[in-house]
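# Architecture at a glance
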Amino acid sequence: MSLSRVLRKLSHPSFSRSRSVDVDRDAPTDDSNKSPRRESTEPVPSLPRPWRKKTVSTTSITASPLPTASPLPLTPEAGDNASPPSASREMPIPMPLPADPGLFMTNFAMVPSPEMIVTLNPLQDTLSNTWDLVKGGTGDSNAEKALNAAGNIAPFAPVITAAIDAVGQSDVGKAVQEGIDHFFEGMPVLMNALDAVADLHPFIGAKRDIVVVMAFKTVYTLELKRRDNEKKIIALYAEMKDMMAVLLQLRDVRDEKVVAPDGTSIVDRLKSLVERTADDIKQCSNACDTYAKKKLLAKVFQGPLWDNKLLSYVTLFAKRKDDFQYALVVHMTQGVDEANVKLDTVGATTKALEDKMNVMLTMFQQLVGPEQRHLSEVVAIKGVRAFRDDDKLLLALENTANKVPHTSSGEGHRAPQTKAGNSTANADELRQDIFEDPDAAVEKNLTVFSRKFEVQKRQIIDELTLVVQRESDRVIQEVKGGPHERILDRSIHEIWKEMGWRGNVKARHFVLALRDYYLEKLASETKGIRGISHVSANDSQDPDAWAIKFIDVMRLQPILEAFDDDASGFITISEMNRFTSSRPIDWSLPHWVAYWAVGYRASVIDYATKIENLFAKMEGVRAEALPPNRHAIDDYFRFVWEMVHTLTAAVTPLQPGPNNQDKFASFIEAEETRLSTNLKAVDYVIDGVDTLTLITGVGRIEKLPMTHEDTIQSVFPLIYLLMKRHYEIMRVMRHKVLDMRELWYGAESVLYVKDAIKYRMNDLTNIFQQQKHDPEKQFKNFAYGIFKYIYSEKDLWSLDYVRNLIPPVTPYDDSNEDQNVKLEDILKYEYQDELDLDTWVYDGHSIDEVPDHSSVELPLKDILGQWHGYFYEGDGIRETSGPDAMMTFVLEPADGEREIKANAWSNRGRYTIAGSWSKGQNDALQVKFKMTFKNAMWSAIFFSGRFDPQRDALTGVWGMSADPDNSNGPMEFRRITPRYLIAYPSIKDLSENKYPVQDDLRRDRWSWSYFSRRRDERKTAVSLAIRYLYYGTPLNSEEVVQLAKAAQSLTPADACFYGSQVLRNRAYTWVHENAWCDSCGGRIGGARIFCLDCVIKNTETFNSLDLCDSPGCVAARVTHRTDIEGVHEPTHHLVKAYTSVLTRQHGRAHTAAKAALKRVETFCTKLAALSQQQQEKADTDAHDPPNSDAAPDVKETGSAEGVLPNGTEPAGELQSSANVGDEAAENSRPPETKEEASQDVKQPPQAAPEVPASDLPTCGKCKGALTFPCWYCVRCEDDLFICSACDAQGIPELTRSSGTHNEEHHLIRCQAPEKHDETTDSTERRLISVEGRLNDMQSRFEDLSGRIGNIEQLLLKLAGMQTIVTSQS
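Residues numbered from 1 in each chain as written. Predicted model: local features only at pLDDT ≥ 70, side-chain atom pairs only at ≥ 80, totals over all residues. Heavy atoms only, no water.

As a further point, take the overall build of the protein. From N to C terminus, the protein includes 46 helices and 22 strands. In the protein, buried positions account for 51% of the 1369 residues. Expressed as a percentage of contacts within the protein between residues at least 6 apart in sequence, the contacts between residues at least 24 apart total 71%. (Helix = DSSP H or I, 4+ residues; strand = E, 2+ residues; numbered from the N terminus. Buried < 20%, exposed > 50% of the residue type's maximum accessible area, 1.4 Å probe, protein only. Contact = heavy atoms within 4.5 Å.)

Next up, the structure:
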């Protein structure tokens, strides 16, 4: 059973224990099985109240008898024994008793005046029963148990493992644990009782006023919406619950205007108190909300700080409870001496509270999950400081925490990294996140929480004031006729009764019965009319006939899902009532069912299409955004698009179905308006799944909390509305430089929607598995398949899908957009017209002018003015890692008493300081302040220290929290001139150094060495800081130290200016947020190179092989990527992109690059041939002798022209005749062998035809000849080539016949065609090679046969000539 359903059972306003709501309430109960009532082990003195003695009311809201005692906050079981009618009911004293109760008890025994005796009436009678129920009888209150037994828990205070176990077994520990375990059970009753008391006394909580009752109701409802209810938070709410229960005593005050003997009325006495308490409740809920959203590691490292923060509210609520009790007792016992009451009780109460706090502090260490306990043990082995100071240890611990299967519904989203980036920078980011000071975190969260608080309050008020009564609803007065009597809708009631169903029914059976019911209803129109056997839905006069035709077997699945919330296959009565009650007020039930049969499907498809169109428009406006805003947009696409597309990709291929959307438009528009209103109320910030539930549903104390089904039904319109707001922010980014948090918090809101979807998917997965179904198959059909890719991402994010995905892009057209959008309506943070360098530090007055504080009195006057200082590590040396430089601030008095403020600057830019001063021991001036940075990447830093008048120094410690015990290291500020402080000894090593004086001499003489050193410092600091913080090859250990030294050698003015240079460089450089170099491991900035040939094996996430443009990385062979087939070779085809390529754009880039490769093949072949010719010519020129053209030596060759085979030399005439014969034979050769016959056996093969260099293109920039490797533009249609030398100089802006070539154009690398080695060729290639050789041998045999024929002819001619010579002789 899901947690939401458990909470629904626990929160149901029933006095009986949790049991199925579908069990027939008339079922007999066996009294013999009644559980025995738990009695209090220690008697608690009670106060006899004559006006409270009465019999048990017979008008209570449950048939179960009320108990006389039950441990708070347990609700009584159905089988608890009832009090006898004549039994006296006594209320326990709602405050701890003093050690000597003599005077106290005597005073309480006094009979009140007639004006203060309450006249019994039905309402107060119900309140009396409710008070007994909530308080649980004599002596069983949590607070009473804790306070009465507090004196026995002193031995358990030490925080050790044995003590934790012992405290859990103590009376106080048991009481606290019991309050946590059964917190939800008595809440609906308490809420109803408080509402009744508030009706009697509006000053504690009128329905429209945020007084204490409404505040308590609001924060409790918000807590119900949280998916994971942490026990520490529930412990605080249990204390809050005990405090609020005291206000039920106001039922005994008949007239709130009656004054006590001291002349004050109960309103005067309590009004300001309840208002303060309402604010306390809100502040406590904000702290709990902040804690619940913290990462698991933050709870591990900051656990003690958070425990103290949360436990402070236990003390506060105990104090408020005592204040309420004291005011009520004084007002209701007019003869009591107030001073005596206060003095008698304050000592015992204080001691009990102190002991209880010790117990709860110890128990808080036990109230953690096993995951947090395990991580705490790991941290305890090495110590917090070891993890805080060691980046590798901290990152390794985060990896361990990320593997924990527990994720809080509000846990913050950090940017996940798919590849190893700069580990040092990542550790700094993580360190700032988990070591954030609790007070600072709570303060930062207050704005967001206040919005949620107001939305929840408004929804509660609307629910209380809005009464919806549908015409088809029945009025349920009693439930004695059977389960069907609990059904609201008349039609469903009739069906349920006729079918004889009990508490639930199979969903399929119900839908079929519903169909038959309405078909019979249509048929009844013609019943008894001759000649008409039936009437179709199209011909019927019934206004719902059009809808009834959609209730059929073909649409059985979506109708089932609409009724069956938990996908169990059964529909319960509560689910049925919930479904029928959620329809629009003017819609009939068939109309509502038809919406879920066909209308919801069409609306989902429509919203999915709108969402994809928004992405197309976002990509269009991205091209026009200012450079400093580009990375924020890229981050948005990086986190949002893939998650949302995983949803929409399952829906967009569907067909909308019947065209009846006009029938459902009113509801769809109303839902969109409702969601939009709620989003505006929280300023479009979703900080957790609980906030999401607040937006998608309506909260009410007596109503079940909205489930994840409601969230899923609203997911598409919700995402659409969020993205519309984010698109408007992107529009502003065309002409304003915005804070990166504008879009980051927008992306985070969408990610929380993803969390809710995954929670729902996990619940459904468990249900399907319990039903022995394959979840993967079920998700393909459930809810139109919107979960199928969420459940199995590998089915969508394959390599082929990403490479073939070419989504549309809509170019931005401002004329088509809303021109009435105001910046103040959509922006939350400051913005600029452009990103400027911090040149103000050199204007001659901004950093040099110090306000005159001569009129300020001592000792504050001693610390005012300009201060300079560094961060130091734990052993007192300046930081050996990180880019932090010297900082400067000008301390001034603030408006508040003993408060101070300052403007400051460093390489982190301008920032502010706020703090306070006080006097410590020996009148030492103590100083505490907080540094708040404008740049969102820097978390706040706290300083705690003192003023040392002898050294004129502010010395202390710094850290991520205000607690000095949790500091990161020492810190010291001096009034020494910055250029001298650069070389001033560290805290650890105070040694003399004349460097500053030498530097002054160089500067005063305008020495070149001074300016060259400043230049070198600037280059080193800027280049290393960029690589450390943003992109480039990660720094090695030596470079980290070098960066720290370079930064610390700068004055605050120089550091501030160089820091702005770093920011500007980052802003105007394309940093590929989704790509890290697979060779050097750094985040890629500038040109990104990705491989076209590497095939990704892992299909669940797409992760291309990427390289930076460093020559060493481009030529690298990547072997460590186990998720690709084989290894990446330097000869693979590469694409170079100067602008970031989003995953959404990868298919477009890949397709264009592949097409360009085909176009450039011919060029590569020709260039390779030309290169080969040039190489062969160079080799020939280098090796051939100068007389290579001379005739060969006859003796060496033996086959020279004119030499016979036997070695004799023929006569001249014979030689001539032979030549003639050869020529004749050559002419008689077949055409196909003529060329071969001209070659001698020893003659080398003929070279390939030469390629004229003029036929090849040249570099588009320098016009020089091209050599491998070179680059070819993918987009330029007139074949633009760029040589490697020009490409290394940057992006050339070239005007071409096809347009302008710019950074948006991708390049592919051109390289020589690969030569295959015969020894490594494939079998097919080898066969082709063998076939070629056989053909060559056949040609040679044919050539040899021809030559033999020629010789035969020559011999015949010689023989004939010999005969002629002989005859003549």
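Read on, since the account is not over.
With respect to the secondary-structure elements, Ser1297 resides in the loop between strand 20 (1294–1296) and strand 21 (1299–1301). In this structure, the C-alpha to C-alpha distance between Ser1297 and Cys1276, residues 21 residues apart in sequence, is 8.8 Å. A polar contact of 3.0 Å, which involves the side chain of Ser1297, links it to the side chain of Asp1278. (Polar contact = N/O pair within 3.5 Å; in protein donor to acceptor, adjacent residues only side chain to side chain.)

Any two aromatic rings considered together are summarised by their centre-to-centre distance and by the angle between their planes. Tallying each qualifying case throughout the model produces 51 aromatic pairs. Measuring from centroid to centroid gives 6.2 Å for Phe449 and Phe453, while their planes differ by 45 degrees, and the two rings are tilted. Remark: Phe453 and Phe449 occur in helix 18 (residues 438–465); sequence separation between them is four residues, near one turn of the helix. Overall, Phe453 belongs to the buried group, its relative accessible area being 1%. Summarising the aromatic geometry, the rings of Phe889 and Phe973 are spaced 4.8 Å apart at their centres and angled 75 degrees between planes, so their arrangement reads as edge-to-face. Of the two residues, Phe889 is situated in strand 6 (residues 887–893) and Phe973 in strand 12 (residues 969–974); the sequence distance between them amounts to 84 residues. The same class applies to Phe889 and to Phe973, which are both buried. (Phe/Tyr/Trp six-rings, centres within 6.5 Å; stacked < 30°, edge-to-face > 60°.)

Our next topic: helix 10 (residues 266–292). Helix length check: helix 10, at 27 residues, gives a terminal C-alpha distance of 38 Å against a target of 39 Å (1.5 Å per residue), a fit within 8%. Most of helix 10 is tucked away: 20 of the 27 residues are buried. (Expected span 1.5 Å × (residues − 1).)

Turning our eyes to something else, we now look at the pattern of salt bridges. One pass over the full model with this rule turns up 45 salt bridges. The partner of Lys610 in a salt bridge is Asp606, and the shortest N-O contact between them spans 3.4 Å. Here the residue Lys610 and the residue Asp606 both occupy positions in helix 24 (residues 589–622), the gap between them amounting to four residues, near one helical turn. The partly exposed category is assigned to Asp606, whose relative accessible area is 37%. Three or more residues are tied together by salt bridges with common partners; here these are Asp289, Lys293, Lys452, Asp687 and Asp690. (Salt bridge = Lys/Arg side-chain N within 4 Å of Asp/Glu carboxyl O.)

If you walk across this open sheet you meet the six strands as 16-15-17-22-18-19, and the pairing is antiparallel. Strands at the two margins of the open sheet, each flanked by one partner only, are strand 16 (1106–1108) and strand 19 (1281–1283). Neighbour to neighbour, the strand axes of the sheet diverge by 30 degrees on average, direction disregarded. Relative to strand 19, strand 18 (residues 1270–1273) is paired through three bridges, and the arrangement is antiparallel. For Tyr1272, the partnering residue across the bridge sits in strand 19 and is Phe1281. (Pairing = 2+ DSSP bridges. Axes fitted to C-alpha atoms, helices over the stretch in contact; angles between N-to-C directions.)

One broad trend across soluble globular proteins is that nonpolar side chains are buried collectively. Ranked by size, the top nonpolar core spans 202 residues in total, and within it Phe216, Leu250, Ile281, Phe510 and Phe716 carry the most contacts. In terms of residue count, helix 24 provides more of this core than any other element does, 18 residues in total. For Phe510, the residues in contact, after removing those within four places along its chain, are Ile492, Trp501, Val505, Phe563, Ile571 and Met576. Formed by 34 residues, the second largest nonpolar core is a distinct cluster that contains Leu1092, Val1141, Cys1273 and Cys1283. (Core = buried A, V, L, I, M, F, W, Y, C linked by side-chain atoms within 4.5 Å.)

Once that is clear, we can look at the confidence of the model for the protein. On average, residues of the protein carry a pLDDT of 75, and 70% of them reach 70 or more. Across the protein, strand 17 (residues 1134–1137) holds the top mean pLDDT of 96, while helix 2 (residues 102–108) sits lowest at 33. In this model, residues 991–997 is a region of pLDDT below 50 whose contacts with residues beyond four sequence positions or in other chains number nine contacts. When the criterion is pLDDT under 50, residues 1188–1242 qualifies, and its contacts beyond four places in sequence or with other chains add up to 34 contacts. (pLDDT = per-residue confidence, 0-100.)

Time to look at helix 26 (residues 661–681). Side chains of residues three or four places apart in an α-helix project in the same direction, reflecting 3.6 residues per turn. Compared with the 30 Å implied by 1.5 Å per residue over 21 residues, the 29 Å span of helix 26 between its first and last C-alpha is a close match. Considered for burial, the residues of helix 26 that qualify are Phe664, Phe667, Ile668, Leu675, Ser676, Asn678 and Leu679. Looking one or two residues beyond helix 26, the residue adopting positive phi is Asp683, at roughly 60 degrees.

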